[in-house]
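Tertiary structure, described
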Amino acid sequence: MSASRFLYKATWWGMIRFPSIPIFEGANTVGRCNLSVTDKRVSRKHISLHASTDGSIEVLVEGPNPIIVRSGGERKKICSQEKVTIANGDIMELIPGNYSFKYATFGNENTTSSPTDSSSKKGKRHSEEDSLASNFAQDNATVSDISGSSQSKPANTIDSKMDKVHPLSIPKEWLPLIFRLMRVQGLPAWANSSSVTIQDVIQGNVLVAVLSNYMVDIDWLLSACPDLKKIPHVLVVHGEGGASLERLQKTKPPNWILHKPPLPISYGTHHSKAMLLVYPQGIRVVVHTANLIYVDWNNKTQGLWMQDFPWKDVKVNNRECSFENDLVDYLRTLKWPEFSVKLPAVGNVAINAAFFKKFDYSSATVRLIASVPGYHMGPNLKKWGHMKMRTVLNEHIFDKEFHKSPLVYQFSSLGSLDERWLNEFASSMSSGTSDDGSPLGIGKPLIIWPTVEDVRCSLEGYAAGNAIPSPQKNVEKDFLKKYWARWKADHMVSADFIKFKQGSLGCITEEQYATYDTWVYYFCRPWFILNHISRAQEIVPSTPLNEFKTKLATLCLNRSSGTDSSSQVIRLPVPFRLPPQPYTSEDVPWSWDRRYTKKDVYGQVWPRHVQLYTSDDS
């Protein structure tokens, strides 16, 4: 297709604004999920559109209410089950007098393709998924308002609908202070600002790589990141089993070592997603949320934190720090087979957990929180999971804004929770002391979880639901209803919320875990997120990271409310709207073992097979 096509939302007076709706060649639907407000007059599948290669679109009114089409100076009412053809520049009112959308096409100089759920295609797309504009505004683009006047729209701008979402631009030296989002193909350029790809993470002269993950597709990994082929020593710590493990063993290069950590609890798994990359100058530590498979690094919003650390100068500094202790303690539990390597300026060394004490982590901008499977008691009770989080938070004093502030949980896998455990977790997340000496107090939890409509209308359609693997019995518990909040974003992060991963207090002296996992933490309540380093000093680029305290703010922060205008604000790219919107009575939480017959944006139903590995022929 030679052009990218969009429906642009317009207000009564005709100012063109976001959100725009991409139109693919073939079948498309527009409905309530495309609006920023809930209006029951607009059906969930209000209209269907069939886009032709000549740029025209046939529109069928699916809902009971009529629409209005304005074309060539005429205004025509189209009733339920009637069809009409629209062309570039035509305007539709989804409800007469309300929700106007203008159809427009753009040339494809800056287009990128929409996603495929098959990792084997590596850039080839389904025919109906042709292309999305990677930038809303072309250099020569103009938009016309409904009254017929026009205004030039400069490149790389954000419309009035997006006035609370700011493009992310962070000085390089401040990047360790935040987590970053991974690049998602098919999104406009502003939505991918300061995002990262796997090539941005694994680059340069890497001497030793430890890749920790759950799912690993080596065929895709080597094609996506050819630099991996040059690394002489690679250890993959994984959670694969069965046919996936056999595939992994067959496709790994000869110099790669595979290791699956021991699982003392049979239903546990290794889920930690992290990388340790050793360079001549030091080490890069990466903690992220994506499996090492195509769809996770291309089609989903994932989060990543990384920071580089130098080798220790043992003559000057041989002290340990909290980050080092937490990292090495966790690595010891993995029990990988030790191997020897020869490194420049270091000589022959054994690559084991103790090796990673050779680096100076004193500038770490985060704390590391991990979980390991097993029953923990005594001094180990507060070493892992949410009890570790509770311990770390109790070490700090918070500003008054954090008193009983909301607790926002966002994850992609929901275990078999009960309300007692959820209260236990909230107590850990609310630990800490206000600057007046009083406890913070427990805030109200909100669980951001996609609805069936969110999944159906997502970038991948129902295929995205394969990465939200929670069954109906876990999702549809009555007590969870009061916690549900919508995934709404104008710009999905993967993590798991499983009782046996975060830990469960069997009694006051014992805690149980089933899964290996790692996180880094910021002091996160939704609108102000405080780094743990120090108190309130203005950030200047030349200030060493370990000498200042920074206040981080989310992308939707209004600078005029609640933050010191004299201070430098670093924006944290939380990929969903804050404050979260509670579910309505019509919203149904996604569960992957239900059957969904209403077709998604690609005309598919659920369940369906989703190919995750390059060589998966099943």
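Residues numbered from 1 in each chain as written. Predicted model: local features only at pLDDT ≥ 70, side-chain atom pairs only at ≥ 80, totals over all residues. Heavy atoms only, no water.

Things to note about the overall build of the protein
Along its length, the protein carries 10 helices and 40 strands. When the accessible surface of the protein is summed, it comes to about 25,700 Å², and 51% of that surface belongs to carbon and sulfur atoms. (Helix = DSSP H or I, 4+ residues; strand = E, 2+ residues; numbered from the N terminus. Areas by Shrake-Rupley, 256 points an atom, 1.4 Å probe, with all protein chains shown as cover.)

Let's talk about the UniProt feature "binding site: substrate" (unreviewed entry) in the protein
UniProt marks Lys-273 with the feature "binding site: substrate" (unreviewed entry), using the numbering shown here. Within the fold, Lys-273 resides in the loop between strand E19 (269–270) and strand E20 (274–279). One polar contact links Lys-273 to His-271, side chain to side chain, over a distance of 3.0 Å. (UniProt positions renumbered as here; feature names shortened; annotations may be inferred. Polar contact = N/O pair within 3.5 Å; in protein donor to acceptor, adjacent residues only side chain to side chain.)

Topic: helix H3 (residues 242–251)
Within H3, burial applies to Ser-244, Arg-247 and Leu-248. Each buried residue of H3 lies within a common arc of 100° when the element is viewed along its axis, so the set occupies one face. H3 presents Gly-242, Ala-243 and Lys-250 as exposed residues on the side facing more than 90 degrees away from its buried surface. Where H3 is buried, its residues meet helix H2 (218–224) and strand E18 (256–259). (Buried < 20%, exposed > 50% of the residue type's maximum accessible area, 1.4 Å probe, protein only. Arc of directions from axis to C-beta. Contact = heavy atoms within 4.5 Å.)

Regarding the side chain of Ser-428
Position of Ser-428 among the secondary structure elements: in helix H7 (residues 419–429). If sequence neighbours within four positions are ignored, Ser-428 has contacts with His-386, Met-387, Arg-390 and Leu-393.

A word on the sheet that holds strand E4 (residues 47–51)
Read from one edge to the other, the open sheet built from four strands follows the order E3-E4-E5-E8, with strand pairing classed as antiparallel. The sheet is open, and its two borders are formed by strand E3 (26–30) and strand E8 (83–86), each paired with just one other strand. Taking each pair of neighbouring strands and ignoring which way they run, the sheet shows an average axis angle of 25°. With five bridges connecting them, E3 and E4 associate as antiparallel partners. (Pairing = 2+ DSSP bridges. Axes fitted to C-alpha atoms, helices over the stretch in contact; angles between N-to-C directions.)

Quick notes on the nonpolar core
Ranked by internal contacts, the top residues of the largest apolar core, which has 72 residues, are Ile-202, Leu-211 and Trp-449. The two domains that each donate at least three residues to this core are domain 2 (170–364) and domain 3 (366–500 + 521–537 + 547–560 + 568–617). For Ile-202, the residues in contact, after removing those within four places along its chain, are Leu-211, Cys-225, Asp-227, Leu-228, Ile-231, Met-275 and Leu-277. Core analysis: the second largest hydrophobic core is formed by 48 residues, Leu-207, Ala-364, Ile-448 and Leu-578 among them. (Core = buried A, V, L, I, M, F, W, Y, C linked by side-chain atoms within 4.5 Å. Domains from an automatic or database assignment.)

With respect to the packing of helix H6 (residues 385–393) against H7
Contact geometry for H6 and H7: axes closest at 8 Å, N-to-C directions at 30°. The angle between H6 and H7 falls in the class roughly parallel. Residues His-386, Met-387, Met-389, Arg-390 and Leu-393 of H6 pack against Trp-421, Glu-424, Phe-425, Ser-427, Ser-428 and Met-429 of H7. (Parallel < 35°, antiparallel > 145°, perpendicular 65-115°, else oblique.)

Some words on unusual backbone geometry
With omega at 10°, the peptide bond leading from Trp-606 into Pro-607 counts as cis. Assignment of secondary structure puts Pro-607 in the segment after strand E40 (570–572). Phi at Gln-81 takes a positive value of approximately 70°, unusual for a residue other than glycine. Mapped onto the secondary structure, Gln-81 falls in the loop between strand E7 (74–78) and E8. One non-glycine residue with positive phi stands out, namely Lys-404, at about 50°. Tracing the backbone shows Lys-404 in the loop between strand E27 (397–398) and strand E28 (407–410). Overall, the relative accessible area of 53% leaves Lys-404 in the exposed class.

Topic: the pairing of strand E21 (residues 282–288)
In terms of burial, E21 is largely enclosed, as seven of its seven residues are buried. Examined bridge by bridge, E20 and E21 share six bridges and lie antiparallel to one another. Residue Leu-276 lies in a different strand from E21, and its bridge partner there is Val-285. Sheet topology note: the E21/strand E22 (residues 303–310) ladder contains seven bridges and is antiparallel. Its bridge partner lying in E22, Val-287 is registered against Trp-305.

Looking at the sheet that holds strand E32 (residues 484–485)
Read across the sheet, three strands follow the order E28-E31-E32 without closing on themselves; strand pairing throughout is parallel. Unpaired on one side and paired on the other, E28 and E32 mark the two borders of the sheet. Pairing of strand E31 (residues 445–448) with E32, which is carried by two bridges, proceeds in the parallel orientation. By the bridge assignment, Ile-448 is partnered in E32 with Ala-485. Here H7 sits on the sheet and contacts E28 and E31; the angle it forms with E28, its principal contact strand, is near 115°.

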